[in-house]
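Each chain, letter by letter, is given below.
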Amino acid sequence: MFHSSSINRRTLLGAFAVLALAGTSTSAIAEMIFPEKAELTFGFIKLTDMAPLAIAKEKHFFEDEGLYVTLEPQANWKVLLDRVITGELDGAHMLAGQPLAATIGYGTEAHIVTPFSMDLNGNGITVSNAVWEEMKPNIPAGADGKPEHPISASALAPVVERYKSEGKPFNMGMVFPVSTHNYELRYWLAAGGLNPGFYTPSDTSGQVKADVLLSVTPPPQMPATMEAGTIQGYCVGEPWNQAAVFKAIGVPVITDHDIWNDNPEKVFGMTAKFVEENPNTAVLVTKALIRAGKWLDENDGANRAEAVEILSKPEYVGADAEVIANSMTGTFEYEKGDKRPAPDFNIFFDKFATYPFYSDAVWYLTQMRRWGQIAEPKDDGWYDEVAKSVYKPDIYRAAADALIEDGLIEASEIPGETDGYKPATAAFIDGIEYDGKKPNDYLAKFGIGLKGDETVASLASN
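Residues numbered from 1 in each chain as written. Predicted model: local features only at pLDDT ≥ 70, side-chain atom pairs only at ≥ 80, totals over all residues. Heavy atoms only, no water.

## Points about the overall build of the protein chain
Worth spelling out the cut-off: Numbered from the N terminus, helices here are DSSP runs of H or I no shorter than four residues, and strands are runs of E no shorter than two. Only the C-alpha atoms count toward the radius of gyration. The rule for a globule is 2.2 Å times the residue count to the power 0.38. Remark: exposure states derive from per-residue accessible area (1.4 Å probe, protein chains only) relative to the maximum for the residue type, with buried under 20%, exposed over 50%, and partly exposed in between. Whether two residues are in contact is decided by their heavy atoms: any pair within 4.5 Å suffices. Note on areas: these come from Shrake-Rupley sampling with a 1.4 Å probe, and a residue is covered only by the protein chains present in the view. Within this scheme the basic residues Lys and Arg register as positive and the acidic residues Asp and Glu register as negative, but His and the chain ends are omitted. To locate a charge, take NZ of a lysine, CZ of an arginine, CG of an aspartate or CD of a glutamate.
When you go through the protein chain residue by residue, the secondary structure sums to 22 helices and 14 strands. Computed over the C-alpha atoms, the radius of gyration of the protein chain is 22 Å, within 12% of the 23 Å expected from 2.2 N^0.38 for a compact globule of 462 residues. With respect to the three principal axes, the spread of C-alpha positions in the protein chain is 75 × 50 × 40 Å. Looking at the protein chain residue by residue over its 462 residues, the buried ones come to 58%. Taking contacts inside the protein chain between residues at least 6 apart in sequence as the whole, the part at least 24 apart equals 74%. Of the roughly 16700 Å² of accessible surface on the protein chain, a fraction of 50% belongs to carbon and sulfur atoms. Of the side-chain charges in the protein chain, 38 are positive and 64 negative, and the distance between the mean point of each set is 3 Å.

Here you go:
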């Protein structure tokens, strides 16, 4: 069960509580604070959306806050999470679902919090060349003869049916059971009429009743695993979709921008214990990361070419700059030669991308419930409570207020008064409206997935 959070405004600025009581502004306090821990080690996975960490280090934004940060690539998401929990890492680039799943005890149990959302969008779904050739006749062509986008998974359904009729499994890869990629791939498949399977307390494969069998593959290994025929496609972040195009082994068919327009992707996670013991450090880290996000997006992406060169270094993503640039500089390539404008493929600051909205957390929890990772029904209040135990806008606001005071960001660049919930949106591939304040109503709208009092066992008996 998740733990109620003891992180609040008073804890956050505990070292300066007297100043606060004397009427000193939050921004002035934040400007004066010193880190309790100045030497820090943060983990990341080799994906382009770790960019805020690399930029905060390379542009000395961490040092500006009195922080001396070492960045360490991690072998996979589980190792990364485990090392944050043990304290070997002070924080990390995380899948948005990881702090939520850990806090509610799905998989490894630990109270993880996030004050900072690292980006919007950034993922794609790629299929092998052979699967693409079978899908293509099912996809309408535009006036230019090229496939019309976004491409529905209904175009994949006849391919999956053929595999089934021949007694062969149709396998696809995603990066982790509580990853954005898993939920986006499941969402896309289900919107096209394909069941991506369920998790149960006794079967954590996620393949119960599945038409398409999803399994974990580490991001850098996706292209080679597909080329070997072990999987027929995958959902992953960049540069591993574009890598398939460059290697001529596969075709990206859709980006997550078209599955859920401007969806939150990664977060920066720390243990609640670390933040409680180092409240000033948490604010200062968040300041540096907000500045990095702004640098990545400012002046219509004028810094992206430099960011690509930084990310291509072996100590960061280590992929060819040309491959990284294919999605980081305003375009995205599908079939070889079919390069289309994609100005919002990676958003690191614009559209309030860095703010930890509770509604983002609730969406991930709804998908955990939809696919059985949350096996029993929960009332709407539970979703709100979990979101508030993990997402920490107070830390973000203390950091942002200090940056506004310093003249480094504008007040208009962060949300004004907000209860932490974005307005309802239907910007999904299936047009189903999501209201974060009504998670159970949202779940009730889906034809495939758990809703209400349903369990996987009750579905099996129907």
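There's plenty left to go through after this.
## Observations regarding the pairing of strand E8 (residues 203-208)
Put simply, the test is: One bridge is not enough; two strands pair if DSSP finds at least two bridges between them.
Bridge count for strand E7 (residues 198-200) against E8 is 2 bridges, and the pairing is antiparallel. Across the sheet, the residue bridging to Thr 200 is Asp 203, located in E8. In this structure, the hairpin formed by E7 and E8 is closed by a connection of 2 residues.

## A few points about the packing of helix H15 (residues 279-301) against helix H20 (residues 393-405)
So the rule is basically this: Lines fitted to C-alpha atoms define the axes here, with helix axes fitted over just the stretch in contact, and angles between the N-to-C directions of these axes take values from 0 to 180 degrees. Two helices cross in a left-handed way if the nearer one is turned anticlockwise from the farther one by less than a right angle. They cross in a right-handed way if the turn is clockwise.
The contact between H15 and H20 brings their axes to 8 Å, and the two run at 60°. For H15 against H20, the interelement crossing comes out right-handed. Between H15 and H20, the residues in contact are Ala 282, Val 283, Thr 286, Lys 287, Ile 290 and Arg 291 and Ile 395, Tyr 396, Ala 398, Ala 399, Ala 400, Ala 402 and Leu 403, respectively.

## Regarding unusual backbone geometry
Omega for the peptide link from His 149 to Pro 150 comes to 0°, which places this bond in the cis form. By the element assignment, Pro 150 lies in the loop between helix H8 (129-135) and helix H9 (157-165). Backbone torsion omega between Glu 238 and Pro 239 reads 15°, so that peptide bond is classified as cis. Relative to the elements of secondary structure, Pro 239 occurs in the loop between strand E10 (233-237) and helix H12 (240-246). The backbone of Ala 248 sits at a positive phi, close to 60°, despite the residue not being glycine. Take Ala 248: it is sitting in the loop between H12 and strand E11 (250-255). Among the residues examined, Ala 248 registers a relative accessible area of 54% and is labelled exposed.

## Considerations on the confidence of the model for the protein chain
Selection criterion: Confidence per residue, as judged by the predictor, is encoded in pLDDT with a range of 0 to 100.
Scored by pLDDT, the protein chain comes out at a mean of 92, with 93% of its residues at no less than 70. Note that pLDDT drops below 50 for residues 1-30; the model gives that stretch 60 contacts with residues more than four away or on any other chain.

## Thoughts on the packing of aromatic side chains
The geometry of two aromatic rings is summed up by the distance between their centres and the angle between their planes. This is how the line gets drawn: Pairing of aromatic rings covers Phe, Tyr and Trp, the last through its six-membered ring, and needs centres within 6.5 Å; plane angles under 30 degrees mean stacked, over 60 mean edge-to-face, and all others mean tilted. Criterion for a charge above a ring: Lys NZ or Arg CZ within 6 Å of the ring centre, and within 35 degrees of the ring normal.
Counted according to the given criterion, the structure contains 23 aromatic pairs. Here the basic side chain of Lys 336 rests over the ring of Phe 246, its NZ or CZ set 4.5 Å away from the ring centre. Positioned over the ring face of Phe 446 is Arg 370, at 3.7 Å from the centre of the ring.

## Concerning the nonpolar core
So the rule is basically this: Put simply, a nonpolar core is a bunch of buried Ala, Val, Leu, Ile, Met, Phe, Trp, Tyr and Cys residues held in one set by side-chain atoms that sit within 4.5 Å of each other.
Judged by nonpolar contacts, the single largest core of 90 residues is most densely connected at Met 135, Leu 156, Met 172, Trp 188 and Leu 189. Ranked by residue count, the leading element in this core is helix H18 (residues 358-370), at 7 residues. Discounting chain neighbours no more than four positions away, the residues touching Leu 156 are Val 131, Met 135, Phe 170, Met 172, Trp 188, Leu 189 and Leu 194. Formed by 54 residues, the second largest nonpolar core is a distinct cluster that contains Ile 33, Phe 116, Leu 289 and Ala 400.

## Some remarks on the pattern of salt bridges
What counts here: A pairing counts as a salt bridge when a side-chain nitrogen of Lys or Arg comes within 4 Å of a carboxyl oxygen of Asp or Glu.
This model, assessed by the stated rule, comprises 26 salt bridges. A salt bridge links Lys 136 to Glu 335, with the shortest nitrogen-to-oxygen separation between them at 2.9 Å. In this pair, Lys 136 is assigned in the loop between H8 and H9 and Glu 335 in the loop between strand E13 (331-333) and strand E14 (339-341), connecting sequence segments 199 residues apart. With a relative accessible area of 31%, Lys 136 lands in the partly exposed category. A salt bridge links Lys 351 to Asp 262; its shortest N-O distance comes to 2.9 Å. Remark: Asp 262 occurs in the loop between helix H13 (256-259) and strand E12 (266-271) and Lys 351 occurs in the loop between E14 and H18; sequence separation between them is 89 residues. Since its relative accessible area comes to 16%, Asp 262 is described here as buried. Each of Glu 134, Arg 162, Glu 166 and Lys 168 takes part in salt bridges that share partners, so that together they form one network.

## A word on the pairing of strand E4 (residues 112-117)
Taking burial as the measure, the 6 residues of E4 include 6 buried ones, the bulk of the element. Bridge count between E4 and E12: 4 bridges; the pairing is antiparallel. If you follow Val 113 over to E12, its bridge partner there is Met 270.

## So, empty space enclosed by the protein
This is how the line gets drawn: Of the two site types, the cavity is a set of points on a 1 Å grid over the protein atoms alone where a 1.4 Å probe fits but cannot get out, and the pocket is an open set with protein on both sides within 12 Å along at least five of seven lines, each lined by residues with an atom within 4 Å of a point. Grid points are joined across faces, edges and corners, and a volume is the space filled by probe spheres set on the points. Under the grouping applied here, Gly and all other residues not named as nonpolar or charged are polar, the nonpolar ones being Ala, Val, Leu, Ile, Met, Phe, Trp, Tyr, Cys and Pro and the charged ones Asp, Glu, Lys and Arg.
Applying the stated criterion to the full structure yields 1 cavity of 30 Å³ or more. Size it by volume and the largest cavity reaches roughly 40 Å³. Surrounding the largest cavity, Glu 184, Tyr 187, Asp 256, Ile 259, Trp 260, Asn 263, Trp 363 and Phe 428 form its lining. Of the residues contributing to the lining of the largest cavity, the split by class is 5 nonpolar, 1 polar and 2 charged.

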